[in-house]
Amino acid sequence: DQVNTLSSKDLKNLFKLRTGTPSDTHDKLKCERCNIIADDQEAIEKKVLPKKLAACKGLLERMVAHEDSAAFLTPLKPEEHGASVEEYEKRVKQPIDLGTIAKKLDATPESGGGYKSVSSFS
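Analysis parameters
- Residues numbered from 1 in each chain as written.
- Predicted model: local features only at pLDDT ≥ 70, side-chain atom pairs only at ≥ 80, totals over all residues.
- Heavy atoms only, no water.
- Salt bridge = Lys/Arg side-chain N within 4 Å of Asp/Glu carboxyl O.
- Helix = DSSP H or I, 4+ residues; strand = E, 2+ residues; numbered from the N terminus.
- Buried < 20%, exposed > 50% of the residue type's maximum accessible area, 1.4 Å probe, protein only.
- Phe/Tyr/Trp six-rings, centres within 6.5 Å; stacked < 30°, edge-to-face > 60°.
- Contact = heavy atoms within 4.5 Å.
- Lys, Arg positive; Asp, Glu negative; His and termini not counted.
- Polar contact = N/O pair within 3.5 Å; in protein donor to acceptor, adjacent residues only side chain to side chain.
- Core = buried A, V, L, I, M, F, W, Y, C linked by side-chain atoms within 4.5 Å.
- 1 Å grid on protein atoms, 1.4 Å probe; cavity = no way out; pocket = protein on both sides within 12 Å on 5 of 7 lines; lining within 4 Å.
- Points joined across faces, edges and corners; volume = space filled by probe spheres on them.
- Nonpolar A, V, L, I, M, F, W, Y, C, P; charged D, E, K, R; others polar.

Caption draft 1: Quick look at the pattern of salt bridges. Under the definition given, this model contains two salt bridges. The residue Asp106 makes a salt bridge to Lys57 at a minimum N-O spacing of 2.4 Å. Of this pair, Asp106 sits in helix H6 (residues 98-106) while Lys57 is found in helix H4 (residues 41-65), placing the two residues 49 residues apart along the sequence. The class for Asp106 is exposed, based on a relative accessible area of 51%. Across the salt bridge formed by Glu87 and Arg91, the nearest N and O atoms sit 3.7 Å from each other. Taken together, the positions of Glu87 and Arg91, both in helix H5 (residues 85-91) and four residues apart, correspond to about one turn of that helix.

This is the structure:
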């Protein structure tokens with residue numbers, strides 16, 4: 001009902017570009033006028049990400065140094081544990097090991113192999 005009561009003028013004001021402020025509506029619509037507005041958030045994230053991933057790497061190094069980590073350093077070979085590859089793939093949907101994590105931490109997101117965020121590390 002509220003939308004129906006809005007006049008054309010109200011709608012124009014709602015979607016009006018306000019210079020100097022980010023506009024979610026225009027960004028979602030990929031409005032050409034919104035190219036004027038600079039959104040620095042991605043640039044900031046790219047600068048901060050290496051520092052955050054360095055902390056993740058420190059955590060990983062502590063895990064690798066742990067006395068019980070030997071079984072988790074390389075990918076599991078199901079046949080060495082009495083299971084078939086099919087059975088393993090059926091049960092383990094996203095296999096991961098500490099060595100694979102270390103390789104991803106050393107790679108860059110631009111190369112397509114690195115972590116793009118800290119949440120993807122966790």
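Okay, back to it.
Caption draft 2: Expanded view of the packing of aromatic side chains. Inspection of the entire model under this criterion finds one aromatic pair. Between Tyr115 and Phe121, the ring centres sit 5.6 Å apart and the planes meet at 80°, which makes this aromatic pair edge-to-face. Both residues of the pair, Tyr115 and Phe121, belong to the buried class.

Caption draft 3: How the structure looks around the environment of Leu98. Secondary-structure assignment places Leu98 in helix H6. Note: C-alpha distance between Leu98 and Pro75 (23 residues apart in sequence) is 8.4 Å. Apart from residues lying up to four places away in sequence, Leu98 is in contact with Leu60, Met63, Val64, Ser69, Phe72 and Leu73.

Caption draft 4: Seen up close, the side chain of Asp97. Its place among the elements puts Asp97 in the loop between H5 and H6. The buried charged residue Asp97 lacks any salt bridge, with Lys103 as its nearest oppositely charged partner at 6.9 Å. Within polar-contact distance, the side chain of Asp97 engages the backbone nitrogen of Gly99 at 3.0 Å. There is a polar contact of 2.6 Å between the side chain of Asp97 and the side chain of Thr100. In contact with Asp97, not counting residues within four places along its chain, are Phe72, Leu73, Thr74 and Pro75.

Caption draft 5: Summary view of the nonpolar core. If you look at the biggest cluster of nonpolar residues, it comprises nine residues: Leu49, Leu53, Cys56, Leu60, Leu98, Ile101, Leu105, Tyr115 and Phe121. Secondary-structure elements contributing two or more residues to this core are H4 and H6. The element that contributes the greatest number of residues to this core is H4, accounting for four residues.

Caption draft 6: Structural view of the layout of surface pockets. Considered as a void within the structure, the second largest pocket measures approximately 290 Å³ in volume. Every residue lining the second largest pocket is counted, 13 residues in all, and those nearest its centre are Ala71, Thr74, Pro75, Leu76 and Lys77. When the residues that make up the lining of the second largest pocket are grouped by side-chain class, the tally is seven nonpolar, three polar and three charged.

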